[in-house]
Amino acid sequence: MELEKQQTQFILEIKEKVRSAQYEALKTVNTQLINLYWEIGKSITEKQKDGWGKSIVPKLSTELQKEFPGIGGFSSPNLWLMAQFYTEYQSVTNLVPLVREISWSKHITILKKCKNDMHQREFYIRATKKFGWTKDVLIHQIENKTFEKYLLNQTNLEKALPEPQKKLAQLAIKDHYTFDFLNITEGHQESDLEQTLIKNIKSFLLEMGSDYAFIGNQYKLEVGGQEFFIDLLLFHRKLQAMIAIELKIGDFLPEHKGKMEFYLAVLNDKVRLPHENESIGIIICKNKNRTVVEYSLNTSSLPIGVATYSTTNTLPNEYKSLLPSAKDIEDKLQGFFNET
């Protein structure tokens, strides 16, 4: 019996080695492909500067496809994307080492959807690599303004959580959630919002971000002979922490924080498993006064974030004016990615 266990473990170890080798091979292939596209883009750009004109690209495309019939990627539009890829990244020193880290299809998505914003592009390149986003997830994150929502999120995680958990949690909690997949009237109640989110659980978890799992809604806590109910309880696999969510269809009020603190204290004491980290709370409301939120969170030692939501795919108008300066954005991104 012991020999059988050893053999099973041996087989598992060999399988893991094969998977690791396959992954490294894929990474090598991707790096070589990106290097090739970079060099082609560089060559096209240099010939354009020499006055060759645009006609060289379709001619090059035809010859490459004729010479390498089994290899895709040499269409004229793709060759122009290679030139754009090189032109826009070659002078950005902090991005040049990163461009080989993700696939070409994801680069095309970022180039097309994040026009002329290098901080935004860096965020999505790094996040795609770090969290293993697929192309569809990447598109969803860009369209739902994850970059802007990350920059503006209001939490006390910086002081309430230890390293490295706090950095990952800051990215896991947004400032605004877009529930545009809900077919819900403007005058909905909190129970309507909760039930509709549950019915659309896959879209809801995708909007929340990567690595969230659903535990339950109206999750019951028993304290001193009384029953209390958390609107939604999730679990974040990388944070190894429960995420308690309270839904509010009106404005954020300071007393909402007190209620969340109560829930988190009970979860940590009665529900959390020994290997899990401290629970985190997210209060999602229709509107919030940012100053009121700052004062409220400043007095809490438990990790809480306050976010808003909308049922249309439109970022609130005030977001653009609230975005920090370019230097502040750079510092925040550098601090996050350096420490995680």
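This write-up is about the structure you can find in this document. All figures in this text were calculated on a predicted structure; none of them were measured in a lab.

Cut-offs used in this document
Residues numbered from 1 in each chain as written. Predicted model: local features only at pLDDT ≥ 70, side-chain atom pairs only at ≥ 80, totals over all residues. Heavy atoms only, no water. Buried < 20%, exposed > 50% of the residue type's maximum accessible area, 1.4 Å probe, protein only. Helix = DSSP H or I, 4+ residues; strand = E, 2+ residues; numbered from the N terminus. Pairing = 2+ DSSP bridges. Contact = heavy atoms within 4.5 Å. Phe/Tyr/Trp six-rings, centres within 6.5 Å; stacked < 30°, edge-to-face > 60°. Lys NZ or Arg CZ within 6 Å of the ring centre and 35° of its normal.

This next bit is on the pairing of strand β6 (residues 280–287). The buried fraction of β6 amounts to seven of the eight residues, a majority that puts the element mostly inside the structure. The pairing of strand β5 (residues 241–251) with β6 spans seven bridges and is parallel. Looking across to β6, one finds that D251 is bridged to N287.

With respect to the element layout, N268 can be found in helix α12 (residues 254–271). Exposure remark for N268: the relative accessible area of 15% places this residue in the buried category. A C-alpha to C-alpha distance of 6.3 Å links N268 and S279, two positions 11 residues apart in sequence. Discounting chain neighbours no more than four positions away, the residues touching N268 are E278, S279 and L302.

This part takes up the packing of aromatic side chains. The geometry of two aromatic rings is summed up by the distance between their centres and the angle between their planes. Overall, the coordinates contain 15 aromatic pairs when judged by the stated rule. Ring centres of W38 and F85 lie 5.5 Å apart, and the angle between their planes is 90°; on these two criteria the pair is classed as edge-to-face. With W38 in helix α1 (residues 2–49) and F85 in helix α3 (residues 76–89), this pair connects stretches of sequence that are 47 residues apart. Grouping residues by exposure puts W38 and F85 together as buried. Arranged with centres 6.1 Å apart and planes meeting at 55°, the rings of F262 and Y263 form a pair that is tilted. Assessed through its relative accessible area of 30%, F262 is described here as partly exposed. Of the aromatic side chains, those joined through ring pairs into one cluster are Y37, W38, F85, Y86, Y89 and W104. Sitting over the face of the ring of W38, R100 holds its NZ or CZ atom 5.4 Å from the ring centroid. Seen from the ring of Y309, K286 lies directly overhead, with NZ or CZ sitting 4.9 Å from the centre.

With respect to the secondary-structure elements, S61 resides in helix α2 (residues 56–67). With sequence-adjacent residues up to four places away left out, S61 is seen in contact with F74, S75, S76 and L79.

Taken by themselves, the reported measurements are silent on function.
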